Amino acid sequence: MSRIDSASRRILQELKRDGRISNVELAERVNLSPSTCLRRVQELERTGVIRGYRVVTDRERMDRGFAAYVSVSLSSHTKAALEDFEHAMQDADEVVECHNVAGAFEYLLRIECRDLAGYKHFHTDILGTHRHVSALTTYLVMGSPKDERA
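Quick caveat, the model's predicted, so the values are computed rather than measured.

What counts and how
Residues numbered from 1 in each chain as written. Predicted model: local features only at pLDDT ≥ 70, side-chain atom pairs only at ≥ 80, totals over all residues. Heavy atoms only, no water. Core = buried A, V, L, I, M, F, W, Y, C linked by side-chain atoms within 4.5 Å. Buried < 20%, exposed > 50% of the residue type's maximum accessible area, 1.4 Å probe, protein only. Helix = DSSP H or I, 4+ residues; strand = E, 2+ residues; numbered from the N terminus. Contact = heavy atoms within 4.5 Å. Phe/Tyr/Trp six-rings, centres within 6.5 Å; stacked < 30°, edge-to-face > 60°.

Caption draft 1: Inspection of the nonpolar core at higher detail. Formed by 17 residues in total, the largest nonpolar core has its most connected members in Val 72, Phe 85 and Leu 109. Where this core is concerned, the elements lending two or more residues are β1 (66-74), α4 (79-91), β3 (107-113) and α5 (116-126). A total of five residues in this core trace back to one element, the largest contributor, which is β1. Not counting residues up to four positions away in its chain, the partners in contact with Leu 109 are Ala 68, Tyr 69, Val 70, Val 72, Phe 85, Met 89, Val 95, Glu 97, Cys 98 and Leu 127. Grouped together as the second largest cluster of nonpolar side chains are 11 residues, Ile 11, Cys 37, Leu 44 and Ile 50 included.

In structure tokens form, the structure reads like this:
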């Protein structure tokens with residue numbers, strides 16, 4: 001699929017809203033026949049436009065109601081240092097996103113944990129002990145009026 005047309009965009013929009021929608025309902029919402037709609041969804045999956053389907057959980061009910069973003073600067077910028085840090089973040093349950101970014105710091109992390117005490121433990125005992133971390137800045141999430149992550 002080299003180009004995504006308006007019908008495929010409508011399909012993607014509906015699937016983002018509800019990934020469990022039936023094909024019949026999806027076809028009705030995007031004004032296609034069920035067979036055409038199914039073929040389009042399968043093509044979007046086959047070509048990698050749709051990479052998967054996920055469960056969106058309630059952070060509070062999962063004891064992960066505290067969220068923060070953390071900018072991380074590293075003392076070493078070698079490939080080995082970057083890979084070492086990324087491996088450590090893969091193993092950290094509190095890290096739900098880890099992005100290598102360009103700019104004043106190397107990584108932007110999204111942290112989710114139970115509460116401030118849980119974050120302090122992560123900040124002190126995980127990030128604070130990593131051998132390549134030279135600076136951290138924490139940004140507490142006060143609210144999320146728009147959050148399209150799935």
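Now that the structure has been shown, the text picks up again.
Caption draft 2: Representation of the packing of aromatic side chains within the structure. Applying the stated criterion to the full structure yields three aromatic pairs. When the ring of Tyr 119 is compared with that of Phe 122, the centres are 6.5 Å apart and the planes differ by 45 degrees; the resulting orientation is tilted. In this pair, Tyr 119 and Phe 122 both sit in helix α5, three residues apart, roughly one turn of the helix. Classification of Tyr 119 as buried rests on a relative accessible area of 5%. Feature note: the residues Phe 66, Tyr 119 and Phe 122 constitute an aromatic cluster, connected by ring pairs.

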